[in-house]
Amino acid sequence: MSLDETLATEHTPAVTAAERAVDLSGSDPAGALSLAHDVLASLPDSCPGAAGRDGRGGRVIGCGHCEAEAVAHRALAVAARELGDLPFAEERLHRAVEVALSAGLRHRAAQARLSLVHVRTELGHPEQALAVAADAEPGLTGAELGKLGVHRAVALARLGRYREAVAQCDRAVAVLGGDVRFLAGAMLNRGLARVFLGEFAAAEADVSRCAELARDAGLEHLLALAEGNLPFLSARRGDLPAAFTAYRRAEISLLGFPERLATVRCDLAEALIAAHLPGEARVLLEAAIPELVAAGAGVALAEARLLLARVELRTGDPRGAAESAGPAARELAAQGRAVLVPLATEIGLRARLALGPPSAALAGEMLSCADDLAEAGYGDVSAALRLTAAEVTLELGDVRAARELLAVLARPGRGVVARQATALLRHLAGDRRGAFAAVLAGLAEVGAGTGVIEDPMLRAHAVRAGEPLAALGLELALRTGRGHAVLAWAERWRAVTGGSGRPLAPGPAELREALGRTLLVEFVRHRSELVAVAVTRERVTLHRLGGFAAVAEATVRLRYGLRRAHLRDGRDTVSGTEGADAAELERLLLHPLRGLLGDRPLVVVPTGSLHTLPWPLLPSNDGRPVTVAASAAAWLAGRRGSPARDPRDDPYGQDGREGRRGRRVVAVAGPGLRCAGAEAAMVGRCHPGTERVAARRADVLAALEEADVAHLAAHGMFSPRGPLLSSIDLDDGPLMAYDLLRLRTPPALVVLSACDAGMAHAPADGAPLGLAGTFLSLGSRCVVASLVPVRDTETLTLMTAFHAALAAGDPPARALAVASGTTGVPGFVCFGYGDQPVATGRDGSLTQSDHDPT
């Protein structure tokens, strides 16, 4: 029997209490801290164990007080780790090892090292953690070896060795027996590793089993951690509504554990990036990083900085990306995680290119980084960076070197990078037709992988790889000087982002015939230039409008002025500064088209920040029916009565409405609005048979599934960085944009009588994201919503006039123009297809008019 085993049979009360503190750390870390401090305070100053020396200046070998001290320091560390104080945990564990070794307690030293494995991993040193595990292993028993395997799995997963992590947990489960805490931990770690391996069913079973064990054992913190990982699992599996719902629960359950909550946020952010939602991921990462810094969680912090740099670059913030990528690269290198360093370097190089002029030196660094990326196994990222280096080289005038780089990239034939390289080579050779063919083939490849994605947010970001191809196609079209060509290439890209799956443009003859008297203007950006394509029944014309920056700045000023007007007393009319900005925007955007516009109804297809412009406020649009559409194809599909992405569905006509039982018009009055109840009652008076729906999420979602017309009077919030996080306030909490993704047959007409409910962020042309965009992408034909704050009383006034005109037979766009003109209340916009009249009869049934606005 070893000395440690002998001591284990003769525990002093202090040792027993210290071990009790270790056991308590999982279920009650604060209580464990208190108990461990009491144990240390109970050790007499005069005893050899507390003083640390015997009469000859050395540790007393086998002293019970030394053992109690070592175990108590370990208990402090484990509890501190649970509470997120990793530096203190590391300090106490080193102290525990020191005390145990000096007293000859090799088993106690091994136990402390066992706990140190996890802490070193979380502090950013997973390779060192594996070395500590190797040192601890010889001094551990069978069950303790299982615990060591649980901690080793975390380090292995941090190094990307997920299959090895699963194997460690498998062995741990076989020997842990009745140790519920570590058994649950093994299930959790194995489940998370399996998520990265794509084994979602097995992962869910493991995480659920962890939660079950933790719940039965009263391990509330471990239970919260298991539930906190459900958002990550759901997002990785592609179920975003479930992911955000689980995250809301995790925020509550982990409220007292900021480091753990920060880790959950980072995990969900990583899954959202994989799901092409960088805006939503950025919101989570910016909340998580300060907590990780405070906790000293080095591994998670380095990963979070890398993720943040990636989303900052994707969301148009190269300066922020550069500031995040630098520390991420240094921290990852210091942690021995060389495989991730080239990813941070690549982001930093792209940020430098966005911020400054191109140079030969920068192109050289890109090629060197591309080599590192290929060696690390990131072939696609490497090829994309080589393409960028080739484009920089071409821009610098070294055509020969650029051709050589492009020729290598074009060899595979297929893939976005190869298609773009081929198109550039053909363009350089003067083969415009061949260049167009290569671009079209590349866009078809991009669209083929996204046509089945129903979520508009996922789809819009999933196609970002095709943006350079689309820009090249547009550039070639602009060089022709023909409006038809520019419209076709702009619409092809919008078709891909809009979810058709194929880069198809609407037939020009059908579009022109459908417009009748209406003028459609599609705005397109090429680099810093703004271009408009105007389409009437008679012809298609191209108009170069100048720099986009001046338009974007005037749009921001107009919106700012309208918000200031909202805060002042008096009616929100456009006057003063706002009037000047509106006139300036009209000069920049519509004045060149004045000969075509006349008194025609107007359909606008915006680009970029023009999605946030209240178009009816431009002076010449006073009293004019104006509709804002995501694309010409989307408007045309709305006229046909089917969404652009799938002509087989008809949510506005008979197909999508079959089986609905009388719930034709619904009205919801949300909390906190003085006139919300009066507004809902007014809708009922205008449309007999209107059903008043309680402002609860489940009730509203159920009503939206069955209604043909829905009016929601409630506070709204637009989240520009994460459109899925936009919301409408209800009695039991916010109805989020991601909640709407559950709808299969949304209302044909949706009126969002909420401030900013019409706001949109467009990561790519053809995919405006926000509340209105979500309804339209799911199949609604028309959405009426505000782009600026409007007072409650004025909203009631406007909506009374709008619904009266709607009930009298006017289509939504004309009804809104009439209502705005008679009431003087600005800010609301008609989105989608606004020319279909909707009238409710006296018996409450909804009828579809065959009136042709043309």
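Residues numbered from 1 in each chain as written. Predicted model: local features only at pLDDT ≥ 70, side-chain atom pairs only at ≥ 80, totals over all residues. Heavy atoms only, no water.

A low pLDDT score tells you not to read the predicted coordinates there in detail. Considering every residue of the protein, the mean pLDDT works out to 84; 86% of them sit at 70 or more. When mean pLDDT is taken per element in the protein, strand β4 (residues 602-605) scores highest with 96 and helix α34 (residues 654-657) scores lowest with 40. Per-residue pLDDT stays below 50 along residues 46-61; that stretch engages in 30 contacts with residues further than four places along the chain or on separate chains. Below a pLDDT of 50 lies the segment residues 642-662, which in the model reaches 53 contacts outside its immediate sequence neighbourhood of four places, other chains included. (pLDDT = per-residue confidence, 0-100. Helix = DSSP H or I, 4+ residues; strand = E, 2+ residues; numbered from the N terminus. Contact = heavy atoms within 4.5 Å.)

What follows covers the nonpolar core. Counting 93 residues, the largest nonpolar core has Phe-523, Leu-589, Trp-615, Leu-740, Leu-752, Val-784 and Phe-802 as its most contacted members. When residues no more than four places from it in sequence are discounted, the contact partners of Phe-802 are Val-751, Val-784, Pro-812, Ala-815, Leu-816 and Ala-819. Core analysis: the second largest hydrophobic core is formed by 83 residues, Leu-140, Val-166, Leu-219 and Leu-268 among them. (Core = buried A, V, L, I, M, F, W, Y, C linked by side-chain atoms within 4.5 Å. Buried < 20%, exposed > 50% of the residue type's maximum accessible area, 1.4 Å probe, protein only.)

Turning our attention to helix α19 (residues 318-334). In this model α19 runs 24 Å from its N-terminal to its C-terminal C-alpha over 17 residues, within 8% of the 24 Å that 1.5 Å per residue would give. Looking only at α19, the buried set comprises Pro-318, Gly-320, Ala-321, Ser-324, Ala-325, Pro-327, Ala-328, Ala-329 and Leu-332. As for α19, its buried residues are in contact with α18 (298-314) and α20 (341-355). Of the residues flanking the end of α19, it is Gly-336, one or two places downstream, whose phi is positive at about 75 degrees. (Expected span 1.5 Å × (residues − 1).)

It is worth spelling out the packing of aromatic side chains at this point. According to the stated counting rule, one finds 5 aromatic pairs in the structure shown. Judged by centre distance (5.4 Å) and plane angle (45 degrees), the ring pair of Phe-196 and Phe-232 falls under tilted. Of this pair, Phe-196 sits in helix α11 (residues 180-196) while Phe-232 is found in helix α14 (residues 230-237), placing the two residues 36 residues apart along the sequence. With a relative accessible area of 30%, Phe-196 lands in the partly exposed category. (Phe/Tyr/Trp six-rings, centres within 6.5 Å; stacked < 30°, edge-to-face > 60°.)

Turning next to the sheet that holds strand β11 (residues 733-736). Read across the sheet, 3 strands follow the order β9-β10-β11 without closing on themselves; strand pairing throughout is antiparallel. For this open sheet the edge positions go to β9 (716-717) and β11, each flanked by a neighbour on one side alone. The pairing of β9 with strand β10 (residues 727-730) spans 2 bridges and is classified as antiparallel. Its bridge partner being in β10, Met-717 is matched across the sheet by Ser-727. (Pairing = 2+ DSSP bridges.)

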